[in-house]
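Each chain, written out:
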Amino acid sequence: MAVPSYASPLERAWHYAYLVICGLIFFFLIAPIIVIIPLSFNAEPYFTFTDKMRSFDPEGYSLRWYDSLLTFGMVAPDGPRDAAWWADAWANAKWVKAAKNSIIIGLFSTILATVLGTLAALGLSRPEMPFRRAIMATLISPMIVPLIITATGMFFFYSNPCQLLGLFGLPTNCGRLAGTYLGVILAHATLGIPFVIITVTATLVGFDQSLNRAAASLGANPRTTFFRVTMPLILPGVISGALFAFVTSFDEVVAVLFIAGPDQQTIPRQMWNGIREQISPAILAVATLLVLFSIALLTTVELLRRRSERNRGITPH
């Protein structure tokens, strides 16, 4: 934005100083993310820029660490890359297994969090809802409470979900959720619900409730009113919340460390194991792919935000 012609010298100096400060803050935030991208192409097993990389020698760059994402854990990684090789990679490669687990857990936890979060937001948006503030504070508490505390509580509860029944003299042995896919999905859904509630509630702030009353006056039942009137208008907010819930699940590692078993290794858990057991630049390759994935999701969220503003008659900015 250009400086107005009537600005004083002091205002002009502050304008340019402000731009410099913003640039430095942006560089401080983005530099740790950008630096991993060229390092992921390092031909050597180091986490530093080699002399060949600094001189832009093609021999200093390689895709070996991206290739290792497919070969690590395979039975025959050096065999010909035919159908049998790809089947081996799909079934045995550790990073591929972690990616499959992350996608499966993320999808199911996102569906659960989106449904429950949207229903909660619709209820909390009604003015006649009693104790709205207290209920909202309770539902978004997983965002506020330190995650290590939430994960610890989930671990003890999921180890025996029926243990609270002992307070009423009822049987307490009903199996365990810890170490199962269902347990991890429920834990990630719990962490994703607050994001859905916040985004859908923000969308409902500009929603005209008279539209629902008009639909009811024309003979539409509540189900038809919701799917034909309410849902199309709040859909961008619902999708945005679902994306945030998916990213939360895809990036979560603390609850997985407490709850997941050997068969529920996700990408963050595999990265954690790689840092502890075998430090490899393959972690940088995974981080680069996750950065690109996050950029794509954030772009989608921004496009949905603009669409939501247009639907509500607000000029996007």
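Counting restarts for each chain, with residues numbered from 1 along the sequence as it is written. At least 70 in pLDDT is required for a residue's local features to be given in this predicted model, at least 80 for side-chain atom pairs to be given and counted, and no such filter applies to totals for whole chains, interfaces and linings, which use all residues. The side-chain values count all of the structure's non-hydrogen atoms but skip hydrogen atoms and water molecules.

**Some details on the UniProt feature "transmembrane region" (unreviewed entry) in the protein chain**
UniProt positions are given in the numbering used here, feature names are shortened, and annotations may be inferred rather than shown by experiment. As recorded in UniProt, the feature "transmembrane region" (unreviewed entry) lies at residues 16-41, 103-122, 134-158, 178-207, 233-259 and 279-304. Counting secondary structure, residues 233-259 comes out at 93% helix and 0% strand; the distance between its end C-alpha atoms is 37 Å. Each helix is a run of H or I in the DSSP string that is no shorter than four residues. Each strand is a run of E no shorter than two, and both are numbered from the N terminus. For residues 279-304, the end-to-end C-alpha separation is 39 Å, with 88% helix and 0% strand making up the annotated structure.

**Let's talk about the confidence of the model for the protein chain**
The pLDDT score gives, residue by residue, the confidence of the prediction method on a 0 to 100 scale. Per-chain confidence: the protein chain averages 84 in pLDDT, with 91% of residues scoring 70 or above. Ranking the helices and strands of the protein chain by mean pLDDT puts helix α6 (residues 94-124) first, with 92, and helix α11 (residues 210-217) last, with 81.

**Focus: the packing of α11 against helix α12 (residues 222-251)**
For helices, the fitted line uses only the C-alpha atoms of the stretch in contact; every axis is such a line through C-alpha atoms, and the angle between N-to-C directions lies from 0 to 180 degrees. Running from amino to carboxyl end, α11 crosses α12 at an angle of 160°, the nearest separation of the two axes being 10 Å. When the axes of α11 and α12 are compared, the pair comes out roughly antiparallel. Pair α11 / α12 crosses with right-handed handedness. For the pair formed by α11 and α12, the contact residues are Leu211, Asn212, Ala215 and Ala216 on the first element and Thr225, Val229, Thr230 and Leu233 on the second. Grouping the amino acids of the contact of α11 with α12 by side-chain chemistry returns five nonpolar, three polar and no charged. For this classification, under 35 degrees means roughly parallel, over 145 means roughly antiparallel, 65 to 115 means roughly perpendicular, and everything else is oblique. Should the near helix be turned anticlockwise from the far one by less than a right angle, the crossing is left-handed, and should it be turned clockwise, the crossing is right-handed. Only heavy atoms enter the contact rule, under which two residues are in contact if any of them lie within 4.5 Å. Here the term charged refers only to Asp, Glu, Lys and Arg, the term nonpolar to Ala, Val, Leu, Ile, Met, Phe, Trp, Tyr, Cys and Pro, and the term polar to all other amino acids, Gly among them.

**Regarding the packing of α6 against α12**
The interhelical angle for the contact between α6 and α12, taken along N-to-C directions, is 135°, at an axis separation of 8 Å. Considered as vectors, α6 and α12 are oriented oblique to each other. As α6 runs across α12, the sense of the crossing is right-handed. Residue-level contacts link Ser102, Ile103, Ile105, Gly106, Leu107, Ser109, Thr110, Ala113, Thr114, Thr118 and Leu122 of α6 to Phe226, Thr230, Ile234, Val238, Ala242, Ala245, Phe246, Ser249 and Phe250 of α12. Class assignment of the residues belonging to the contact of α6 with α12 gives a composition of 12 nonpolar, eight polar and no charged.

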